[in-house]
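The lines below spell out each chain.
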Amino acid sequence: MRDNRSPQWRQRRAGGAPGAGRDERPLIGPPRRPARPHRFFTVHLGFTAPDAADARELAVAYAEALTLLRPEVALGAAALSPADAWQRAVRLFCGAIGPDGERCVDVADHPGFHHAPGPGGLGWGDGDG
């Protein structure tokens with residue numbers, strides 16, 4: 001090395017006052033890659049029930065209760081499967097898309113109109129025909 005003095009002295013000699021002549025850009029810039037979009041994850045909750053019909057009722061109740069506690073839980077994505085056969089999952093909620101883009105929040109295979117979420121939500125479809 002030719003000059004063993006500290007970098008501070010070299011800067012003073014080159015520019016006069018400390019920090020003079022340097023641009024004001026931050027040393028650490030923003031990330032070059034765009035942020036990843038949020039991914040969808042699934043949680044599997046185990047419980048016991050005497051038969052498939054009771055298991056379905058309990059699963060619907062658990063899913064609705066979780067959405068009351070945590071609004072970010074996707075109610076329409078809830079499904080039920082036997083504990084040893086996750087590939088046989090069946091949807092718990094209808095999820096039909098309405099005229100304004102909302103999704104039906106009734107249980108799957110329900111009779112009658114489709115209903116949007118919330119009190120007084122929009123109803124659409126063929127009705128009880």
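Structure first, text after, so check above.
In what follows, the accompanying structure is described. (Residues numbered from 1 in each chain as written. Predicted model: local features only at pLDDT ≥ 70, side-chain atom pairs only at ≥ 80, totals over all residues. Heavy atoms only, no water.)

Quick notes on the packing of aromatic side chains
(1) Moving on: Tallied over the full model, the rule gives one aromatic pair.
(2) Moving on: Ring geometry for Phe 47 and Tyr 62: centres 5.2 Å apart, planes at 85 degrees, overall edge-to-face. Of the two residues, Phe 47 is situated in the loop between helix H1 (7-15) and helix H2 (52-69) and Tyr 62 in helix H2; the sequence distance between them amounts to 15 residues.
(3) Moving on: On the basis of relative accessibility, which here comes to 29%, the residue Phe 47 falls in the partly exposed class. (Phe/Tyr/Trp six-rings, centres within 6.5 Å; stacked < 30°, edge-to-face > 60°. Helix = DSSP H or I, 4+ residues; strand = E, 2+ residues; numbered from the N terminus. Buried < 20%, exposed > 50% of the residue type's maximum accessible area, 1.4 Å probe, protein only.)

Describing the layout of surface pockets
(1) Moving on: What the largest pocket holds in volume is close to 940 Å³.
(2) Moving on: Taken together, 35 residues line the largest pocket, and the ones lying closest to its centre are Val 43, His 44, Leu 45, Ala 78 and Ala 79.
(3) Moving on: Only H2 and strand S1 (79-80) provide two or more residues apiece to the lining of the largest pocket.
(4) Moving on: For the lining of the largest pocket, the element with the highest residue contribution is H2, accounting for eight residues.
(5) Moving on: Taken as a whole, the second largest pocket holds about 190 Å³ of empty space.
(6) Moving on: Every residue along the wall of the second largest pocket is listed here: Glu 64, Leu 75, Gly 76, Ala 77, Arg 91, Phe 93, Gly 95, Arg 103, Cys 104, Val 105 and Pro 117.
(7) Moving on: Classifying every residue of the lining of the second largest pocket gives six nonpolar, two polar and three charged. (1 Å grid on protein atoms, 1.4 Å probe; cavity = no way out; pocket = protein on both sides within 12 Å on 5 of 7 lines; lining within 4 Å. Points joined across faces, edges and corners; volume = space filled by probe spheres on them. Nonpolar A, V, L, I, M, F, W, Y, C, P; charged D, E, K, R; others polar.)

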